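# Inside the fold
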Amino acid sequence: MQINGKVWKFGDDVDTDVIIPARYLVTIDPAELATHCMEDIDPEFAGKVQPGDVIVAGKNFGCGSSREHAPISIKAAGVRAVVAESFARIFYRNAINIGLPVIESPQSAKEAETGDLLEIDTDEGNVHNTRTGNTYPSTPYDTYVMEIIQAGGLMEAVTRRVQAKRQAQ
Amino acid sequence: MGQTMAEKILSRAAGRPSVTTGEIVEVDVDLVMTNDITAPLSISEFRKTGLEHVFDPQKVVFVPDHFVPAKDIKAAEQAKIMREFAREQGTIYFEIGRAGIEHVVLPENGLTLPGQVIIGADSHTCTYGAFNAFSTGMGSTDIAAAMALGTTWVRVPPTIKFVYTGELPEDVGGKDLILYTIGQIGVDGAHYAVMEFTGEVIDNLPMDDRIAMANMAIEAGAKTGIFAFDDKTRDWLTAVTDKPLEPVSSDPDAVYQQVIEFDVSNLKPLVALPHLPSNVHAADEITDMPIHQVVIGSCTNGRMSDLREVAKVLEGRQVHPDVRCIVIPGSQEVAKQATKEGLADIFMDAGAIFSTSTCGPCLGGYMGVLAKGERCVSTTNRNFRGRMGHRESEVILTGPRVAAASAILGRVGSPAQL
């Protein structure tokens, strides 16, 4: 998968409370959640992000609560992928499960700045920055995680299993 | 090669003699939990499978606690989706008035046992490590998958062993120990690892304090926190369940990613200043920080021993005129016991409110949301920007005694300063 997108850069420890504040957790409607994406770290973000953009951040992106509303709001806001030095573990799983590409690439995350254009190749496992000309590797996905990604999300994978089991019976 | 407690639990749940750090295993789950915020999404994802029934209704639990009693119409609708699904499926369900905060209620009802694998769509599901379980938080979709299959996948985490030595000062508790630990290692210091809490200090530590520590393992980025099973665990659990207990212990030759030793003999009551739980300082060194609100309660510190500590500080004293003090029991059982022991009267006589059980203010839901520029001392577990309300409000984390003392002082301070 090739993802090319304009960068919005954030720092370390971006937590789920700033990604989608709890006051908005009274809905599971992606479009509504998208309008509040990143609101408590950058109140203007939802208004200026363009479909196809990418978020780049430092260490421990998505730390805090288990709210899946966080990756949902990012995905529904049109963000194509999140690149970070590292991800908090619940957020990482949630993103994979709902089909938001999360790319761990410490060097490219450190180097990228807001406005840069990144060319992400998830098959090759690298991230190219057109401003600096540098290409850095991304951490490969576990086989199990790759299967979820290829199925199009966790519930798609689970549903296939359920159907296969039914047919076997 | 020896195994840690966490590895033994995962081996058993995977039906294997042993597991290796870093490998992905599929494990049977003993309990699957969601709440009013996370359940609606889990339910809609579960429906996608076409299955009519959850894998085992007696292993699926729903607890309305975050925005209930419903704070507004939308919250009421979310809670209703969960309630109706629980009824339809015949799962375990704890209605308000007969329950409280999930991580207080589940143990009270004997649902969190040693050796179990417990997953919940709430990041503080790691709380049950205090009972020698492997318990961890996941998102709604992972929980939906587990409700369908009765299994989940886990990458076997490495374990970091924390050894607490020395003699714990009397005015220092489990909350101080975990804040100290997070302050030392940082909010991703135990990234994806299991925190195993050990040492003479832990052996002597009461259950409620252990629960507070396990509860905040996630604030160090951990997959879970876990404690060995001992007489204290047994006494606590046999009071609430007659189910057989199957504890696990770490082998002497178990392999740890790291062993970290802390001598805590000189530890002081601590606070975590905004906006990270790792921003830890001694409470009595912060003398010039006025506050507007104090919240006492939550899945971290809403249990009887917490409320008793608070009552000791508040009794015969008055909450500072500039402070709103909100005391929230962790469950209906805690509320009843606190009333019976006269604690509710002490709180109200001191000028605090004693509310119904809810997560409410901890995550800026309701019952104590902060305005712009306001500062709150809280016994909860997170102080991220905007956590309790306006993005320009502040939360300072601490244990029950410092929270109560701060309510009286009108600023951040310790009981020694009263």
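Residues numbered from 1 in each chain as written. Chains lettered and ligands numbered in written order. Predicted model: local features only at pLDDT ≥ 70, side-chain atom pairs only at ≥ 80, totals over all residues.

So, on to the overall build of chain B. A tally of helices and strands in chain B yields 14 helices and 18 strands. In terms of C-alpha radius of gyration, chain B reaches 20 Å, essentially the compact-globule figure of 22 Å for 418 residues. C-alpha extents for chain B along the principal axes are approximately 60 × 50 × 40 Å. Considering chain B as a whole, with its 418 residues, one finds that 60% of them fall into the buried category. At a minimum sequence separation of 6, the contacts of chain B that also span at least 24 residues come to 77%. (Helix = DSSP H or I, 4+ residues; strand = E, 2+ residues; numbered from the N terminus. Rg over C-alpha atoms; globule rule 2.2 N^0.38 Å. Buried ≥ 20, exposed ≤ 12 C-beta atoms within 10 Å, placed from the backbone. Contact = placed C-beta atoms within 7 Å.)

Let us look at the sheet that holds strand β13 (residues 280-282) of chain B. Residue and element names in this part refer to chain B. A sheet is described by the order of its strands in space; here seven strands give the open sequence β13-β12-β18-β17-β14-β15-β16, paired in mixed fashion. For this open sheet the edge positions go to β13 and β16 (353-354), each flanked by a neighbour on one side alone. Two elements, strand β12 (residues 270-272) and β13, share three bridges in a ladder whose sense is antiparallel. The residue of β13 that forms the bridge with Leu-270 is Ala-282. (Pairing = 2+ DSSP bridges.)

All names here are of chain B. Cis peptide bonds are those with omega within 30 degrees of zero, and the linkage from Val-68 to Pro-69 qualifies with -10°. By secondary structure assignment, the location of Pro-69 is in the loop between β3 (60-63) and α3 (73-89). Omega for the bond connecting Pro-274 with His-275 falls within 30 degrees of zero, at 0°, which places this linkage in the cis form. As for its placement among the helices and strands, His-275 is situated in the loop between β12 and β13. The backbone phi angle of Tyr-192 is positive, close to 60°, even though this residue is not glycine. With respect to the helices, strands and loops of the structure, Tyr-192 is situated in the loop between α6 (174-185) and β9 (194-198). The phi dihedral of Met-367 is positive, around 65°, even though this residue is not glycine. Summarising the element assignment, Met-367 is placed in the loop between β16 and β17 (375-378).

Right, let's talk about the interface of chain A and chain B for a bit. Reports often express the size of an interface as the amount of accessible area lost when the parts come together. Listed by partner, the interface residues are 35 residues for chain A and 47 residues for chain B. Those elements that place two or more of their residues in the side of chain A that touches chain B are α1 (16-19), α5 (89-98) and α8 (154-168) of chain A. With six residues, α5 of chain A is the largest single contributor of residues to the side of chain A that touches chain B. A breakdown of the residues in the side of chain A that touches chain B according to their chemical character gives 15 nonpolar, nine polar and eleven charged. (Nonpolar A, V, L, I, M, F, W, Y, C, P; charged D, E, K, R; others polar.)

Before going further, it helps to examine the nonpolar core. Counting residues in each nonpolar core, the largest one holds 194 residues, and the members touching the most others are Val-82 and Val-83 of chain A together with Leu-10, Met-195, Val-294, Phe-347 and Ala-352 of chain B. Sequence-distant contacts of Leu-10 of chain B, defined by excluding residues within four places in its chain, comprise Val-19, Val-25, Val-27, Phe-134, Val-154 and Val-156 of chain B. (Core = buried A, V, L, I, M, F, W, Y, C linked by C-beta atoms within 7 Å.)

Attention now goes to the packing of helix α4 (residues 69-76) of chain A against α5 of chain A. Residues and elements named next belong to chain A. Two elements in contact, α4 and α5, have axes separated by 9 Å at closest approach and are oriented at 50°. If you check the angle between α4 and α5, you find them oblique. For the pair α4 and α5, the crossing hand works out as right-handed. Along the contact surface, α4 presents Ala-70, Pro-71, Ile-72 and Lys-75, while α5 presents Phe-91, Asn-94, Ala-95 and Ile-98. Along the lines of polarity and charge, the residues of the contact of α4 with α5 split into six nonpolar, one polar and one charged. (Axes fitted to C-alpha atoms, helices over the stretch in contact; angles between N-to-C directions. Parallel < 35°, antiparallel > 145°, perpendicular 65-115°, else oblique. Left-handed = near helix turned anticlockwise from the far one by under 90°.)

Right, let's get into the confidence of the model for chain B. Counting all residues, the mean pLDDT for chain B is 97, and 100% of those residues have values of 70 or more. For this predicted complex, the interface confidence reaches an ipTM of 0.95, while the overall pTM sits at 0.97. (pLDDT = per-residue confidence, 0-100.)

All names here are of chain A. Strand order in the open sheet made by the seven strands is β4-β3-β2-β1-β5-β6-β7, with mixed pairing throughout. The strands lining the two open edges of the sheet, one partner per strand, are β4 (102-104) and β7 (135-137). Shown here is a sheet whose adjacent strand axes are inclined to one another by a mean of 30°, direction ignored.

Every other side chain in a regular strand lies on the same face of the sheet, so the side chains alternate between the two faces. Residue and element names in this part refer to chain A. In strand β6 (residues 126-129), alternate side chains face the same way, and those of Val-127 and Asn-129 are buried while those of Asn-126 and His-128 on the opposite face are not. Of the strand pairs in this sheet, strand β5 (residues 117-121) and β6 are connected by four bridges, and their pairing is antiparallel. When the bridges of β6 are listed, Leu-118 appears paired with Asn-129. Hairpin connection from β5 to β6: four residues lie between these consecutive antiparallel strands, with Gly-125 at a positive phi of about 75°. Pairing of β6 with β7, which is carried by three bridges, proceeds in the antiparallel orientation. Bridged to Asn-126 within β7 is Pro-137.

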